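Listed below, chain by chain, are the residues.
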Amino acid sequence: MAADTNKFVIPIGPQHPALKEPANFEFWVDGEIVTGASVRLGYVHRGIEKGAEARTWTQNLYLMERICGICSHVHATAYTLGVEKLAGVKVPQRANAIRQLMAELERIHSHMLWLGVAAHEGGFDTLFMYSWRDRETVMDLLEKISGNKVHYSANLLGGVKFDITSELAAEIHKGLDFLEERNHFYMKVVTTDETFIGRTQDIGTMTTEKAEFLGAIGPTARASGVARDIRVDAPYLIYDQFPVKVMTHTSGDLHGRFIVRINETFESIRIIREILDHMPQGELTTRVPRRIPAGEVVSRVEAPRGELLYFIASNGSEKPERVKVRTPSLCNWSTVLSLAIGLKLADMPMLLSGIDPCFSCNDRSISLKRGQQGPQVWSWEKLRQYGIEYYR
Amino acid sequence: MASTIGSLGAAEAVLKPFAKAINRPQPERLEVSIHPDDLLAAVRALVDESWGYLSAIVGLDRPGQPVTQGESQAEGAIDVLYLFCSGAAVVTLRITLPYSQAAIPTISGITPTAMLYEWELREMLGVEVIGLRVTGHLILADDWPVGVYPLRKSFTGFNQPVAGAEGA
Amino acid sequence: MVQQTLNSSWQNVLTKVTAWARINSPWAIHFNSGSCNGCDIQILATLTPRYDVERFGIKLQGSPRHADVLLCTGPVTMQARDALLRTYEQMPEPKFVIAVGSCGLSGGVFHGCYNIVGGINELLPVDVFVPGCPPRPEGIIYGVAVLLEALKAGKRPEPIQWSGSGLDGVLHSGSGLEDHHG
Ligand code: SF4
């Protein structure tokens, strides 16, 4: 992968605020235009898949939850659904309803978090502060339900840990009303603010065919008109009783990704209200054996960022034989790598955050090399500033 | 559900010529075992039918069972599973590679998404992916020892044993 | 350097002023060495209007060269180890390290995974541990406050007496500090 010697090679990473796993990107630029890109992951590679083989089925629940601090509930859900399928256990409806409710609350929190971060990358810090301030409402709700703001540990093998009492339901309703109102405001900002539109419209456009070809998933794909959503395609939990509407957009650019995510937030609010109003009665848990029968299972759920796939193999013992996790961000990397080509370097921060890799830390350095000259170091901050200045 | 069965049927028809064995572990899953040489053709057939999309590549290490004491161990194998999804339907192409011939051709020419998955497979399980253009590490540390593949069962961590691994 | 040419009383004043400035407005850099993002979003949340650490003069910024405090999250992975050490070395003296989250304390739930070196204190001298998975934003702010209180008394927080029972050891360090400047 040798780059042309008269072109810049810009490695970005490993520490970068808009990435789920701190990753290292390399962009080759010709002047201002990106001509090639590659990626290096692994800065937060912890060896979870191997670690899972040394832990019991129950211990793994907590390990899987901690794969990601933003979509922790979906990870645990995908894992428990898979294990329960292997064990042939049927979980009570009420537990499924609570799982789904938590998943949708998590989606709201994740999308609002993303909105803030993406706005920050584009230089709209006011929107970042607004959306994060309002996001605290969801965090409070999650905390009231579960006792923790981030890793709620709602799932057990065979059910859930907490019930939704009528007082809690009332609180959730109140919180949702507030969030809905704020979301209308964000929608207004995103669709009417001229500077915002200027930085998002027609940037990183991906046609429907291209999105399908590249295997894009989640909101990134839906913004390109690919109506792919596991909640609808392969309903799990009780999505068949409380169906969601797939939100798509036809523009395929960054702007479309904003609109899709905000629309999905509205949809999540609607679903949660519906679940609260028609909560099935019954038990919260059921028994799951300590040894899971041998077999292999594929479990797919829709995480806020797209399809999350678990492949679980059991050999009939207390520990899994293999747990394979395919996170949504991995799928979307390839879209970034190919979309970047032909774009301006200044658009990279927005493009990267556009796929919503969850962001993890706050500095990364970029060294800028030219031919044989010594490397120059850029921080992520500088690239972001550069992008903002460029559009002044 | 009807459409799921329908699309599984379509996939089965497409993959039939390559299949060594076909089974349905779950109602929404179809598993087709194929020979490594047929991989490209089988993937090509699915893509030409525009049947779903590649969702993941899973590697499973199956170390050889120690036979009886004194005898040499049977050779282990690595199963490579290609998971294609379309709606609720999941089709698995299963390839079994003995340790001594742990190599498969890349399918990234047919579906570009495969590139990162294949890279990961090579790095974590030591399956050589022929024709994969990328080199170097994707996930493991830069100073990771050569020839150590963490997802092989024979790997049990470096100095300190993996917690609770004994006897597993 | 300039300071060496100053006579001792000026030197004293200067030291006092810098200490005053450091305590009133510590700048922090955040480093993720393999965390799950849970801790990181909580650190970021401290910046947002609900918690707003900037009103205490605490500023989160990007370059290690400007930082007094290193906020570490996550267990240390093999790939991130060098980057973490490098970041620490680039910080000017005096520098302080706060480990945020159970992972930073001991590797947390990832303890024993092959790519994990261990907690932050395997590599760096940690001054304050903030337990929790993840800690609440208030907890993180409190962690910084504990550090600043110790600095006011003109010393680093005492090294931690690890009592062996997880949380106890951590809480110990907090109460130990209070004894110091009290
Ligand atoms: S302590 Fe918990 S929240 Fe923090 S990085 Fe570790 S697992 Fe994530």
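Note that the coordinates shown come from a computational prediction; the quantities given were computed from them, not determined experimentally.

## With respect to the overall build of chain B
Okay, step 1: Along chain B, the regular secondary structure elements total 3 helices and 7 strands.
Okay, step 2: Of the regular secondary structure in chain B, the N- to C-terminal order runs α-β-β-α-β-β-β-β-α-β.
Okay, step 3: Looking at chain B as a whole, 51% of its 168 residues qualify as buried.
Okay, step 4: Long-range contacts, defined here as pairs at least 24 residues apart, represent 51% of the contacts in chain B between residues at least 6 apart.
Okay, step 5: When the accessible surface of chain B is totalled, it reaches about 7,500 Å², and 54% of it is carbon and sulfur.

## Concerning the packing of helix α2 (residues 57–65) of chain A against helix α3 (residues 72–87) of chain A
For any two helices packed against each other, one specifies the inter-axial angle together with the distance between the axes.
Residues and elements named next belong to chain A.
Okay, step 1: Between α2 and α3, the shortest axis-to-axis distance is 7 Å and the interhelical angle comes to 155°. Between α2 and α3, the angle falls in the class roughly antiparallel. Crossing angle aside, the handedness with which α2 passes α3 is right-handed. Residue-level contacts link W57, N60, L61, M64 and E65 of α2 to S72, H75, A76, Y79, T80, V83 and L86 of α3.
Okay, step 2: Residues that form the contact of α2 with α3 fall into these classes: 7 nonpolar, 4 polar and 1 charged.

## Topic: the pattern of salt bridges
Here the idea is simple: oppositely charged side chains can pair when their charged atoms come close.
Residue and element names in this part refer to chain A.
Okay, step 1: The full count for this structure, using the stated rule, is 29 salt bridges over all chains.
Okay, step 2: Residue E302 pairs with R222 through a salt bridge whose shortest N-O separation is 2.9 Å. Residue E302 is located in strand β6 (residues 295–303), and its partner R222 is located in helix α9 (residues 218–222); the two are separated by 80 residues in the primary sequence.
Okay, step 3: Salt-bridge contacts for E267 lead to R270; the nearest nitrogen and oxygen are separated by 2.6 Å. Placement of the pair is E267 and R270 together in helix α11 (residues 254–277), with a separation of 3 residues, close to one helical turn.
Okay, step 4: Under the relative-accessibility criterion, R270 is labelled partly exposed at 33%.

## Looking at the packing of aromatic side chains
Residue and element names in this part refer to chain A.
Okay, step 1: Going through the model one piece at a time under the given rule, you end up with 6 aromatic pairs over all chains.
Okay, step 2: By way of ring pairs, the aromatic residues W114, F196 and F258 are connected into one cluster.
Okay, step 3: Just above the ring of Y130 sits the side chain of R182; from NZ or CZ to the centre is 5.2 Å.
Okay, step 4: The cationic tip of R261 hangs over the ring face of W114; the distance from NZ or CZ to the ring centre is 4.1 Å.

## Description of the site of the ligand
Okay, step 1: If you check the shell around the ligand, you find R66 and H151 of chain A together with S35, C36, G38, C39, G101, S102, C103, G132, C133 and P134 of chain C and nothing else.
Okay, step 2: Close to the ligand, residues of chains A and C are found.
Okay, step 3: Those elements that provide at least two residues to the shell around the ligand are α3 (38–45) and α5 (101–106) of chain C.
Okay, step 4: If one sorts the elements of the shell around the ligand by residue count, α5 of chain C sits on top with 3 residues.
Okay, step 5: A per-class count over the shell around the ligand returns 5 nonpolar, 6 polar and 1 charged.

## Observations concerning helix α3 (residues 114–125) of chain B
All names here are of chain B.
Okay, step 1: In a regular helix each residue adds 1.5 Å, so 12 residues correspond to 16 Å; α3 covers 16 Å between its end C-alpha atoms and thus fits that length.
Okay, step 2: When we look at burial in α3, the residues that qualify are A114, L116, Y117, E118, W119, E120, L121, R122, E123, M124 and L125.
Okay, step 3: Positive phi shows up at G126, right after α3, with a value of about 70°.

## Some points on the sheet that holds strand β7 (residues 128–130) of chain C
Residue and element names in this part refer to chain C.
Okay, step 1: The strand order across the open sheet formed by 5 strands is β2-β1-β3-β5-β7, and the pairing between neighbours is parallel. One side of each edge strand has no neighbouring strand; the edge strands of this open sheet are β2 (59–60) and β7.
Okay, step 2: Pairing of strand β3 (residues 69–73) with strand β5 (residues 96–100) involves 5 bridges; the strand directions are parallel. Paired with L70 across the bridge in β5 is V97.
Okay, step 3: Each of β1 (27–32), β2, β3 and β5 is contacted by α3, which is oriented at about 140° to β3, the strand it contacts most.
Okay, step 4: Against the sheet, helix α4 (residues 78–90) contacts β1, β3 and β5, and its axis sits at roughly 170° relative to β1.

## Some words on a nonpolar patch on the surface
Residue and element names in this part refer to chain C.
Okay, step 1: On the surface, W10, V13, V17 and W20 cluster together into a nonpolar patch covering about 470 Å² of accessible area.
Okay, step 2: Relative to the helices and strands, V17 resides in helix α2 (residues 8–24).
Okay, step 3: A relative accessible area of 44% means that V17 is categorised as partly exposed.

## Regarding the confidence of the model for chain A
All names here are of chain A.
Okay, step 1: Of all residues in chain A, 74% have pLDDT values of 70 or greater, and the mean over the chain is 76.
Okay, step 2: Element-level pLDDT for chain A is lowest in strand β9 (residues 365–370), with a mean of 29, against a maximum mean of 88 in α11.
Okay, step 3: Considering only residues more than four positions removed or in separate chains, one finds that residues 14–21, a stretch of pLDDT under 50, has 50 contacts.

## Remarks on unusual backbone geometry
Okay, step 1: Of the consecutive residues C133 of chain C and P134 of chain C, the connecting peptide bond is found in the cis state with omega at -15°.
Okay, step 2: Here P134 of chain C is to be found in the loop between β7 and α6 (137–152).
Okay, step 3: With a phi close to 50°, S153 of chain A is a non-glycine residue in the positive phi region.
Okay, step 4: Structurally, the position occupied by S153 of chain A is in the loop between α5 (125–146) and β4 (155–156).
Okay, step 5: With phi around 45°, L237 of chain A is a residue other than glycine that occupies positive phi space.
Okay, step 6: As for its placement among the helices and strands, L237 of chain A is situated in the loop between α10 (230–233) and α11.
Okay, step 7: For L237 of chain A, a relative accessible area of 13% gives the class buried.

## Describing the sheet that holds strand β7 (residues 306–314) of chain A
Sheet strands line up and pair through hydrogen bonds in the backbone, either parallel or antiparallel.
Residue and element names in this part refer to chain A.
Okay, step 1: If you walk across this open sheet you meet the 3 strands as β6-β7-β8, and the pairing is antiparallel. The open sheet has two edge strands, β6 and β8 (320–326), and neither has a second partner. Strand-to-strand twist of the sheet, defined as the mean angle between neighbouring strand axes without regard to direction, takes the value 15°.
Okay, step 2: The pairing of β7 with β8 spans 6 bridges and is classified as antiparallel. The residue of β8 that forms the bridge with S314 is P320.

## Description of the confidence of the model for chain B
Residues and elements named next belong to chain B.
Okay, step 1: Per-residue pLDDT for chain B averages 75, and the proportion of residues at 70 or more is 80%.
Okay, step 2: Highest mean pLDDT in chain B belongs to strand β5 (residues 89–98) (85); lowest belongs to helix α1 (residues 2–15) (75).
Okay, step 3: In this model residues 160–168 is a low-confidence stretch, pLDDT under 50, and it forms 11 contacts with partners more than four residues away in sequence or in other chains.
Okay, step 4: With pTM at 0.81, the complex prediction returns an ipTM value of 0.80.

## Structural notes on the pairing of β1 of chain C
All names here are of chain C.
Okay, step 1: β1 sits mainly inside the fold: 5 of its 6 residues count as buried.
Okay, step 2: Where β1 and β2 come together, 2 bridges link them in parallel fashion. Residue pairing in the sheet places A28 in a bridge with L60 of β2.
Okay, step 3: The handedness of the β1 to β2 crossover, carried by α3, is right-handed.

Criteria and cut-off values
- Positions within a chain are numbered from 1, following the residues in the order the chain's sequence is written.
- Numbering of ligands from 1 and lettering of chains from A proceed in the order in which they are written.
- Selection of residues for local features in this predicted model requires a pLDDT of at least 70, selection of side-chain atom pairs for listing and counting requires 80 or more, and totals for whole chains, interfaces and linings are taken over all residues.
- The basis for every side-chain value is the complete set of heavy atoms in the structure, and neither hydrogens nor water enter the calculation.
- Starting at the N terminus, helices and strands are each numbered in turn, a helix being any DSSP run of H or I of at least four residues and a strand any DSSP run of E of at least two.
- A 1.4 Å probe rolled over the protein chains alone gives each residue an accessible area, and that area as a share of the maximum for its type sets the label: buried under 20%, exposed over 50%, partly exposed in between.
- Contact definition: two residues touch when any of their heavy atoms are within 4.5 Å.
- Only the protein chains shown count as covering a residue, and every accessible area follows the Shrake-Rupley method with a 1.4 Å probe.
- Here, axes are lines fitted to C-alpha atoms. For helices the fit covers the stretch in contact, and angles between N-to-C directions go from 0 to 180 degrees.
- Here the word oblique covers every angle except those under 35 degrees (roughly parallel), over 145 (roughly antiparallel) and from 65 to 115 (roughly perpendicular).
- Rotating anticlockwise by less than a right angle from the far helix to the near helix defines a left-handed crossing, while the corresponding clockwise rotation defines a right-handed one.
- Under the grouping applied here, Gly and all other residues not named as nonpolar or charged are polar, the nonpolar ones being Ala, Val, Leu, Ile, Met, Phe, Trp, Tyr, Cys and Pro and the charged ones Asp, Glu, Lys and Arg.
- Salt-bridge detection follows one rule: a side-chain nitrogen of Lys or Arg within 4 Å of a carboxyl oxygen of Asp or Glu.
- Stacked, tilted and edge-to-face pairs are distinguished by plane angle, under 30 degrees for stacked and over 60 for edge-to-face with tilted covering the rest, among Phe, Tyr and Trp rings (Trp via its six-membered ring) whose centres lie within 6.5 Å.
- Here, a charge over a ring means that NZ of Lys or CZ of Arg falls within 6 Å of the ring centre while also lying within 35 degrees of the ring normal.
- The nearness test applies per residue and asks whether one of its heavy atoms lies within 4 Å of the molecule or strand.
- Given the number of residues in a helix, its expected span is that number minus one, multiplied by 1.5 Å.
- Only strands that DSSP links by at least two bridges are regarded as paired with each other.
- Here the term patch refers to residues with relative accessible area over 30% and no salt bridge, with like charges joined within 9 Å and nonpolar side chains (Val, Leu, Ile, Met, Phe, Trp, Tyr) within 5 Å.
- By definition, pLDDT measures how confident the predictor is in each residue, and it falls between 0 and 100.
- A clockwise path from the first strand over the helix to the second, with the strands pointing away from the viewer, defines a right-handed crossover.

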